[in-house]
Amino acid sequence: MIIIGSILLSLPFADKAGQATNYSDALFTATSAVCVTGLSTVTTATHWSFFDQLIIMILVEIGGLGFMTFAVMLSNFAHQRMTLGARMLTGEALNLNHPSQLRIVQLIIRLSLIIQLMGAVLLFIVLKPRLRIGKGIWYSIFHSVTAYCNAGFDLFGPSLEQFANNPYFLTIIMLLISAGSAGSFGFLVWRDLLTYHIHHKLSLHTRFALTVGIIILILSIVGFLISEQNLKQFDGSLNGVQRFFNTLFLAVTPRTAGFASIPYTKISAAGIVITIILMFIGGTPGSTAGSFKTSTIGILFLQSIGTFTGKEAAFSHRRFTHNNINRALTLFCSAILLIIFATLLLTMSQPLSSHNGIVEAVFEAVSAFGTVGLTLGLTPHLNLFGKIIIIALMFIGRVGIYTFMYSIFKSHPAKQSYRYPEEEIIIG
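Residues numbered from 1 in each chain as written. Predicted model: local features only at pLDDT ≥ 70, side-chain atom pairs only at ≥ 80, totals over all residues. Heavy atoms only, no water.

K.L.:
Would you mind going over helix H9 (residues 167-179) in detail, with residue names and values included?
P.N.:
Over its 13 residues, H9 runs 18 Å from end to end, which matches the ideal 18 Å to within 8%, given 1.5 Å per residue. Those residues of H9 not exposed but buried are Pro167, Phe169, Leu170, Ile172, Ile173, Met174, Leu176, Ile177 and Ala179. (Helix = DSSP H or I, 4+ residues; strand = E, 2+ residues; numbered from the N terminus. Expected span 1.5 Å × (residues − 1). Buried < 20%, exposed > 50% of the residue type's maximum accessible area, 1.4 Å probe, protein only.)

K.L.:
Describe in detail the nonpolar core, supporting the description with residues and values.
P.N.:
Nonpolar side chains tend toward joint burial in soluble globular proteins. Counting 99 residues, the largest nonpolar core has Val60, Phe169, Ile173, Tyr264, Ile390 and Leu393 as its most contacted members. Beyond its immediate stretch of four places on either side in the chain, Ile173 contacts Leu123, His143, Ala147, Leu160, Phe249 and Phe259. (Core = buried A, V, L, I, M, F, W, Y, C linked by side-chain atoms within 4.5 Å. Contact = heavy atoms within 4.5 Å.)

K.L.:
I'd love a proper account of the packing of aromatic side chains, names of residues and values included.
P.N.:
Applying the stated criterion across every chain yields a total of twelve aromatic pairs. The interplanar angle of 75° and the centroid separation of 4.9 Å between the aromatic rings of Phe156 and Phe163 together place this pair among those described as edge-to-face. On the basis of relative accessible area, Phe156 is assigned to the buried category, the value being 14%. Exposure remark for Phe163: the relative accessible area of 0% places this residue in the buried category. Taken together, the ring pairs in this structure connect Tyr139, Phe156, Phe163 and Phe169 into an aromatic cluster. (Phe/Tyr/Trp six-rings, centres within 6.5 Å; stacked < 30°, edge-to-face > 60°.)

K.L.:
Before we move on, can you summarise the side chain of Ser159 with the specific residues and values?
P.N.:
With respect to the helices and strands, the residue Ser159 is situated in the loop between helix H8 (133-148) and H9. At 2.8 Å, the side chain of Ser159 forms a polar contact with the backbone nitrogen of Ala260. Not counting the four nearest positions on each side in its chain, Ser159 is found in contact with Asp154, Phe259 and Ala260. (Polar contact = N/O pair within 3.5 Å; in protein donor to acceptor, adjacent residues only side chain to side chain.)

K.L.:
I'd love a proper account of the pattern of salt bridges, names of residues and values included.
P.N.:
In this structure the tally under the stated criterion is two salt bridges. For Lys387, the salt bridge goes to Asp25, with nearest N and O atoms at 2.7 Å. Of the two residues, Lys387 is situated in helix H18 (residues 384-399) and Asp25 in helix H2 (residues 23-34); the sequence distance between them amounts to 362 residues. Note on accessibility: Lys387 and Asp25 belong to one class, buried. Residue Arg319 pairs with Glu312 through a salt bridge whose shortest N-O separation is 4.0 Å. (Salt bridge = Lys/Arg side-chain N within 4 Å of Asp/Glu carboxyl O.)

What follows is the structure, given as structure tokens:
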């Protein structure tokens, strides 16, 4: 999908000027769209033609809902029954317990289309007075899709900054981000919520994901309220209600979406740190969010508390398996090392200042790895090597670092038939 998208985006008629776009920029944009990130080396609103913007939206939709989800949808449209192998593969990709649960995927698809259509209608109410009818309809559909799929592409130029004083518009975008079945909650959570009336219970994963997600959201809102002093220093024309909604927007979007109603260049240093932490944590496993994931940070936090108190890590009267804990530790170490290595390469290869440049590099690396799409302005100035680094981070963040590393090291699996004796070393 990335290769096909990059070829289409590099065609001469795709550019508004009628000229072929540099392939590195086309590849970067296609990767960002399929990985539902939103980073772009060119301005989406002014550089790409309508055809190109349509291609980007389609790539975002496919990347957001998932390729195997689209396989189910196309099979339904063609009135053809999927083979057992295809159904098993789809179930594995969507973490279903049994291929028969694919009917839930059909429900998710219908619900997704309905929500995106409703979102477009609600956005059109705001955009109709600002734009022509045709342009308003297109902008409404585009932003409904990119918000629902948690991609940060926009057609307004500087993200959503012109809507900082419009709580209604910001609320619709936040609801679309949160409602995205492939977005911040993830497919498994939505499956449990939609089938709750049948089973009358939620899985441990759903309860844990919702609990950790709500806690992180509350802490991030409080953090931004303190660090930004309710955004008074940004724009004195914003009233109390508008400042609160912008603060809420700051807390919601860094998890995976990548829209910005406030220029991040005007956010305080503490606000930038909070944003980097939120981007690194990411969303729920099984969603389009990249990076570390909420469940992973939750397990590590409970394990740390358990280590200090002498108890096992547990939640809702259930303890986690050693495999869960070991995998969480592996993901944490791998993600930290990847971010450090990518940041080092960016600082060595890009013309950055000695101080602010380091912050920009870290911010950009975490944003790409978390498939968020926020930037401090470094992306448009990346050279070819920098673009390759960010492309790799977006791809690894989207498919998952564990999946990416497993596909490399387990290409030729060899079962170990022996075990070494245990021995402790001094730690801490």
